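Given next are the chains, with one letter for each unit.
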Amino acid sequence: MTSPAHIPPDPATPDPFAPARLGPLHLRNRLIKCATFEGRTPDALVTEDLIEFHRETAAGGVAISTVAYCAVSPEGRTDRHQIYLRPEAAPGLTQLTAAIHGEGALAAAQIGHAGPVANSISNRAPALAASRIPAPMGMALCKSPDADDIAALRATFRRAARIAVDSGFDALEIHCGHNYLISSFLSPLLNRRHDGYGGSLVNRARLAREVLESVREEVGDGVAVWAKLNMYDGVGAIGAPRRPWHGFNVDEACQVAQLFETDGHLDAIEPTAGSSLLNPMYLFHGEAPRAAFADAFSGPMKWGLKVGGPFFLKRYQYHSGYLLPLARRLREAVDLPIIALGGITDRASMDEVLGEGFDFLAMGRALLREPDLPQRISADPTTQSQCIHCNLCMPTIYTRTECPIREEAAVR
Ligand SMILES: Cc1cc2nc3c(=O)[nH]c(=O)nc-3n(C[C@H](O)[C@H](O)[C@H](O)COP(=O)(O)O)c2cc1C
């Protein structure tokens, strides 16, 4: 997409480093550290280590640092080492948001329910999904929520949003991607329901819309709320005629984004793609760290990943702004501000993305590698990221999330 040399921005293109508005928020620039589950919450509570991670990211120059992952309930965690939003977590979260604010940035919480991605053995609670599909991490079938369970889920999201806001978060990102619970409802492959939450796209989008409505009702207009929305699950060819084994696709994502826009509960959409359940590497593109991923597990999972690695962890060619071909479709479909994501790591790609009408820029791996990258790009627009999208950071989520190459360089 981009040439390595810096292309001077069109005068009409917003400066990525100039202040901007996102819903009710005043941002010091257009850069957001996206959700990268930090793996620093062994007891499901904030630790000093997590605070330091976000303090350092905030000091590095982003406008918003997104804390991930904040589950809405115990069974909504991918495993028991993740925070779930409850009164007991609030004091630590309050310290965390204060540390981010202390560095001049704002704090976002990624709020969600892991659905079929949850490890029911670790959580000691059944995983949920739109339908009774297998949940591989817990080696059991998911529970499919009935209408009463769904009403309870709305209330759970509402309660979680309240705790997050009372703990000082300025923004909430509602996870509607990666085949987590809400995304499992959106997916025609995973959602085989015959009630008002299954079948047509409007029905499959009902849970997402109800959750967004509940969250907005709870937090009001003083907090920014956006959805991280899948554009494509990575299952079935993009643009191919729908087949029963295909997941959610970009045509449907555009329609869902239009429904979100009409509902009026969101300040932005952050489009993403891929499935933590069925095709994780589509999220990232680049190298598929099969051996390191298998090594993060033991027992049958390790064996399964060794044998099935090439099928589960596919390799996709990485290029700068690799999700833009899909995101452009969303850009055309709605007027809502869009937070572009996926392989945005230098000033040239930032200018190009903003020049195409996207509003904000999210960065993940490049900030794990160099938290101060925004500041350095701001000072010198020719700065290039040292992230080589080897994706070795990915399996570290099971221990303590970090860029192993950065850690290695620090030791040397
Ligand atoms: C180590 C790691 C952990 C991640 N954890 C989450 C997460 O908790 N929630 C989420 O929505 N995305 C998660 N992601 C995906 C990122 O938010 C982002 O979509 C992806 O890394 C692409 O952006 P990038 O090219 O800037 O890295 C994670 C990514 C990495 C590398």
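Residues numbered from 1 in each chain as written. Predicted model: local features only at pLDDT ≥ 70, side-chain atom pairs only at ≥ 80, totals over all residues. Heavy atoms only, no water.

Peer 1: I'd like to hear about the state of the cysteines, residue by residue, with values.
Peer 2: Taken as a whole, this structure holds zero disulfides when the rule is applied. Its sulfur unpaired, Cys 142 is 18 Å from the next cysteine sulfur, which belongs to Cys 176. With no disulfide of its own, Cys 390 has Cys 403 as its nearest cysteine by sulfur position, at a separation of 6.2 Å. (Disulfide = S-S within 2.5 Å.)

Peer 1: Which residues make up the pattern of salt bridges, and what are the values?
Peer 2: Tallied over the entire structure, the rule returns 29 salt bridges. For Lys 143, the salt bridge goes to Asp 149, with nearest N and O atoms at 3.4 Å. Assessed through its relative accessible area of 36%, Lys 143 is described here as partly exposed. Overall, Asp 149 belongs to the partly exposed group, its relative accessible area being 24%. Glu 217 serves as the salt-bridge partner of Arg 158, at 2.5 Å between the closest nitrogen and oxygen. A residue pair is termed long-range when its members are at least 10 positions apart, and Arg 158 in helix H4 (residues 147-166) and Glu 217 in helix H7 (residues 206-219) qualify at 59 residues. Through salt bridges with shared partners, one network takes in Arg 158, Arg 162, Asp 166, Glu 217 and Glu 218. (Salt bridge = Lys/Arg side-chain N within 4 Å of Asp/Glu carboxyl O. Buried < 20%, exposed > 50% of the residue type's maximum accessible area, 1.4 Å probe, protein only. Helix = DSSP H or I, 4+ residues; strand = E, 2+ residues; numbered from the N terminus.)

Peer 1: Report on the packing of H4 against H7, specifying residues and quantitative values.
Peer 2: It is at 9 Å that the axes of H4 and H7 come closest, and there the two elements cross at 40°. In terms of axis orientation, H4 runs oblique to H7. For H4 against H7, the interelement crossing comes out right-handed. Across from Ile 150, Arg 154, Phe 157, Arg 158, Ala 161, Arg 162 and Val 165 in H4, the residues of H7 making contact are Leu 207, Glu 210, Val 211, Glu 213, Ser 214, Val 215, Glu 217, Glu 218 and Val 219. Within the contact of H4 with H7, the residues separate by chemical class into eight nonpolar, one polar and seven charged. (Axes fitted to C-alpha atoms, helices over the stretch in contact; angles between N-to-C directions. Parallel < 35°, antiparallel > 145°, perpendicular 65-115°, else oblique. Left-handed = near helix turned anticlockwise from the far one by under 90°. Contact = heavy atoms within 4.5 Å. Nonpolar A, V, L, I, M, F, W, Y, C, P; charged D, E, K, R; others polar.)

Peer 1: Outline the side chain of Ser 385, listing residues and values.
Peer 2: Position of Ser 385 among the secondary structure elements: in the loop between helix H15 (373-379) and helix H16 (404-411). For Ser 385, a relative accessible area of 17% translates into the label buried. A polar contact of 2.9 Å, which involves the side chain of Ser 385, links it to the backbone nitrogen of Cys 387. Ignoring sequence-local partners within four residues, the contact set of Ser 385 consists of Thr 345, Ala 366, Glu 370 and Leu 373. (Polar contact = N/O pair within 3.5 Å; in protein donor to acceptor, adjacent residues only side chain to side chain.)

Peer 1: Outline the site of the ligand, supporting the account with residue identities and numerical values.
Peer 2: For the ligand, the set of nearby residues contains 22 residues, the closest of which are Ala 35, Gln 110, Lys 228, Gly 343 and Arg 365. One nitrogen or oxygen atom from the main chain of Ala 35 is found 2.6 Å from an oxygen atom belonging to the ligand. With respect to the ligand, the backbone of Gly 364 contributes an N or O atom lying 2.8 Å from an oxygen atom. Protein chains shield 95% of the accessible area of the ligand, which is 600 Å² for the free molecule. When residues of the shell around the ligand are traced back to their parent elements, those giving at least two are helix H9 (281-284) and helix H14 (365-369). (Near = heavy atom within 4 Å. Areas by Shrake-Rupley, 256 points an atom, 1.4 Å probe, with all protein chains shown as cover.)

Peer 1: If you had to explain helix H12 (residues 324-333) to someone new, which residues and values would you point to?
Peer 2: Listing the buried residues of H12 in full gives Leu 324, Leu 326, Ala 327, Leu 330, Arg 331 and Ala 333. Seen end-on, H12 carries its buried residues on one side only, within an arc spanning 165°. Against helix H8 (250-263), strand S11 (268-272), H9 and helix H13 (347-355) lie the buried residues of H12. (Arc of directions from axis to C-beta.)

Peer 1: How would you explain empty space enclosed by the protein if you had to name every residue and give the values?
Peer 2: One pass over the structure, following the stated rule, counts three cavities of 30 Å³ or more. Along the walls of the largest cavity sit 13 residues, with Cys 387, Ile 388, Cys 390, Cys 393 and Cys 403 positioned nearest its centre. By residue number, the principal contributor to the lining of the largest cavity is H14, which donates three residues. Its residues placed into classes, the lining of the largest cavity shows eight nonpolar, three polar and two charged. As a volume, the second largest cavity reaches approximately 40 Å³. As for the second largest cavity, its lining consists of Tyr 232, Val 235, Gly 236, Ala 237, Ala 240, Arg 242, His 246, Gly 247, Phe 248 and Asn 249. Grouping the amino acids of the lining of the second largest cavity by side-chain chemistry returns five nonpolar, four polar and one charged. (1 Å grid on protein atoms, 1.4 Å probe; cavity = no way out; pocket = protein on both sides within 12 Å on 5 of 7 lines; lining within 4 Å. Points joined across faces, edges and corners; volume = space filled by probe spheres on them.)

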